[in-house]
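# Topology and contacts: notes
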Amino acid sequence: MTGSGASDAAGGTEVDGETDVEDLTGLYRQYGDDRLPPGQRETDRFPVLSKSGTPSWDAETFAFEVWGAVDEPLAYSLSEFRELPAVTQRQDFHCVTGWSRFDCAFTGVEFAEIVDRAGIGDDVDHVLFHALDGYTTNLSLEECARDGVLFAYGFDGDDLPADHGGPIRVVTPHKYAYKGAKWVSGVEFLSEKELGYWEKRGYSDTANPWNEERYS
Ligand SMILES: Nc1nc2c(c(=O)[nH]1)N[C@H]1C(S)=C(S)[C@@H](COP(=O)(O)O)O[C@H]1N2
Ligand SMILES: [Mo]
């Protein structure tokens, strides 16, 4: 598709004249009247927050893996992953330390797409995301199934920058951003909940920004 960046017939907008952008910035209406969650301030910058710096990785050997209570464990190279059906969504991003960045255009694979491909057991209720820096974070399967949970590899029409979690990160617009693992190397499906890195260290497991669920 070629284009000028103007709206297309479906009413979406375009990034680089190519991709339909789905607008998820109204997601806050499920939680309240205010797009900016309580106690947050909006920034136009995109700060970098990492527990231990940006890990290195090799685009040739990087693998994204799916395991645990699945019918079919999966492993994708980076180029295979980028060939999966993808979406681009405009989303807001809320860090538990108090800043929010509106209108981030993330491109990536929807969580449900991975579930469809792996097939999961009836007893699966939770997932644990694993990352190259040793970070983990957990979410319930139900929360993963919400609109906006993506394995993102694009940001604002370019590759996701390494500091922000490239080659692939998770985004969770309905949660504080620690629920979105940068440099995600895999997702593990579980029948019993396992807490992630910050969840074990006193941050809220539920992490709803509009309820200010910051600490447990
Ligand atoms: N792998 C990994 N993912 C992570 C983190 C981390 O330290 N390691 N920090 C989390 C936190 S606390 C936040 S606020 C966001 C920050 O994303 P950003 O650096 O792109 O702003 O990533 C989250 N995902
Ligand atoms: Mo954060």
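Residues numbered from 1 in each chain as written. Chains lettered and ligands numbered in written order. Predicted model: local features only at pLDDT ≥ 70, side-chain atom pairs only at ≥ 80, totals over all residues. Heavy atoms only, no water.

For the protein, an unreviewed UniProt entry supplies the name Molybdopterin-dependent oxidoreductase and the organism Halorubrum yunnanense.

## Some thoughts on the site of ligand 1
Close to ligand 1 lie 21 residues; Pro-47, Lys-51, Asp-133, His-164 and Lys-182 are nearest. Take Lys-51: an N or O atom from its main chain is 2.7 Å from an oxygen atom of ligand 1. Contact between ligand 1 and His-164: an oxygen atom at 2.6 Å from a side-chain N or O atom of the residue. With the chains in place, 98% of the 530 Å² that ligand 1 exposes on its own is no longer accessible. (Near = heavy atom within 4 Å. Polar contact = N/O pair within 3.5 Å; in protein donor to acceptor, adjacent residues only side chain to side chain. Areas by Shrake-Rupley, 256 points an atom, 1.4 Å probe, with all protein chains shown as cover.)

## What to know about the nonpolar core
Counting residues in hydrophobic clusters, the biggest one holds 36 residues, and the most contacted among them are Phe-64, Phe-111, Phe-129 and Phe-151. Per-element accounting of this core gives the leading share, 4 residues, to helix α2 (residues 111-118). Apart from residues no more than four positions distant in its own chain, Phe-111 is found in contact with Val-127, Phe-129, Leu-141, Cys-144, Val-149, Phe-151, Val-187 and Phe-189. Membership of the second largest hydrophobic core comes to 12 residues, among which are Cys-95, Cys-104, Ala-152 and Phe-155. (Core = buried A, V, L, I, M, F, W, Y, C linked by side-chain atoms within 4.5 Å. Buried < 20%, exposed > 50% of the residue type's maximum accessible area, 1.4 Å probe, protein only. Helix = DSSP H or I, 4+ residues; strand = E, 2+ residues; numbered from the N terminus. Contact = heavy atoms within 4.5 Å.)

## A short note on α2
Buried within α2 are the following residues: Phe-111, Glu-113, Ile-114, Val-115 and Ala-118. Remark: Gly-119 follows α2 within two positions and exhibits a positive phi of approximately 70°.

## With respect to the environment of Gly-32
In this fold, Gly-32 is placed in the loop between β2 (19-23) and β3 (41-42). With relative accessibility at 27%, the residue Gly-32 sits in the partly exposed group. Residues Gly-32 and Trp-210, spaced 178 residues apart in sequence, show a C-alpha to C-alpha distance of 7.1 Å.

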